[in-house]
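# Results of the structural survey
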Amino acid sequence: MNAPCEPQEASAAEAQAAIAAEFAFFSDWTERYQYLIDLGRKLPAFPDAARTEAFKVTGCQSQVWLLPSGNAERMDFQAISDSSIVSGLIALLLRVYSGRPAAEILATQPEFIDSIGLARHLSPTRSNGLAAMLAKIQDYARAAL
């Protein structure tokens, strides 16, 4: 497994603010979707050995695998999807939640989803998948505590 990366921002709240600022730069949703796809392409390599049912996120239309590591003091996540848009959503979730203490993960609501207008621009199946990925991250955090 790859060594965990340091989070870009010092806290989940700072990560959400940075995401909102980045998305505000784009004038329309075509550009924002392209940015999401670009973010997804930059995800680190995911270990093939972890593409198992044990790490598969249920509730997603696309195939998504989420691999946790660490403990209550610091949880790191790796994830991958077969969908380019979903990979971008994963990149946003990892930016907010990976590299954080389990308690911070559980205390952090994904406010960036509304602040960037994502909730209004995702299909119902993608919204369900995003909720399923977030729930899985929170489940892993709860288990670490």
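Basis of the calculations
Residues numbered from 1 in each chain as written. Predicted model: local features only at pLDDT ≥ 70, side-chain atom pairs only at ≥ 80, totals over all residues. Heavy atoms only, no water. Phe/Tyr/Trp six-rings, centres within 6.5 Å; stacked < 30°, edge-to-face > 60°. Lys NZ or Arg CZ within 6 Å of the ring centre and 35° of its normal. Helix = DSSP H or I, 4+ residues; strand = E, 2+ residues; numbered from the N terminus. Polar contact = N/O pair within 3.5 Å; in protein donor to acceptor, adjacent residues only side chain to side chain. Axes fitted to C-alpha atoms, helices over the stretch in contact; angles between N-to-C directions. Parallel < 35°, antiparallel > 145°, perpendicular 65-115°, else oblique. Contact = heavy atoms within 4.5 Å. Expected span 1.5 Å × (residues − 1). Buried < 20%, exposed > 50% of the residue type's maximum accessible area, 1.4 Å probe, protein only. Pairing = 2+ DSSP bridges. Core = buried A, V, L, I, M, F, W, Y, C linked by side-chain atoms within 4.5 Å.

### Section: the packing of aromatic side chains
Scanning the model with the defined rule gives six aromatic pairs in all. Relative to Phe-26, the ring of Phe-25 lies with its centre 5.5 Å away and its plane at 80 degrees, an arrangement referred to as edge-to-face. Three or more aromatic residues link up through ring pairs in this structure, and these residues are Phe-23, Phe-25, Phe-26 and Tyr-35. One Lys or Arg, Arg-51, reaches over the ring of Trp-65 and ends 5.5 Å from the middle of that ring.

### Observations regarding the side chain of Asp-76
On the secondary structure map, Asp-76 appears in strand 2 (residues 74-81). One polar contact links Asp-76 to Arg-74, side chain to side chain, over a distance of 2.9 Å. A polar contact of 3.4 Å, which involves the side chain of Asp-76, links it to the backbone nitrogen of Gly-99.

### A few points about the packing of helix 1 (residues 12-24) against helix 2 (residues 29-41)
Running from N to C, helix 1 and helix 2 point in directions that differ by 130 degrees, and their axes come no closer than 10 Å. Taken together, the axes of helix 1 and helix 2 are oblique relative to one another. Listed contacts from helix 2 to Glu-22, Phe-23 and Ala-24 of helix 1 are Arg-32, Tyr-35 and Leu-36.

### Here's the deal with helix 3 (residues 84-97)
With 14 residues, helix 3 extends 20 Å from end C-alpha to end C-alpha; this agrees with the ideal 20 Å at 1.5 Å per step. Within helix 3, 13 of the 14 residues are buried, which leaves the element mostly enclosed by the surrounding structure. Between a side-chain oxygen at the N-terminus of helix 3 and the backbone nitrogen of Ile-85 the separation is 3.5 Å; the capping residue is Ser-83. Positive phi shows up at Gly-99, right after helix 3, with a value of about 80 degrees.

### Some words on the pairing of strand 2
A large share of strand 2 lies buried, amounting to seven of its eight residues. The pairing of strand 1 (residues 64-71) with strand 2 spans eight bridges and is classified as antiparallel. Bridged to Trp-65 within strand 2 is Ile-80. If you look at the hairpin formed by strand 1 and strand 2, you'll find two residues sitting between the two strands.

### Here we look at the nonpolar core
Leu-92, Leu-118 and Met-133 are the most contacted members of the largest nonpolar core, which totals 41 residues. Sorting the residues of this core by element identifies helix 1, helix 2, strand 1, strand 2, helix 3, helix 4 (102-107), helix 5 (112-115) and helix 7 (124-144) as the ones contributing at least two each. It is helix 3 that provides the largest number of residues to this core, a total of nine residues. In terms of nonpolar packing, the next biggest core, distinct from the first, is built from five residues, Phe-46, Ala-50, Trp-65 and Leu-67 among them.

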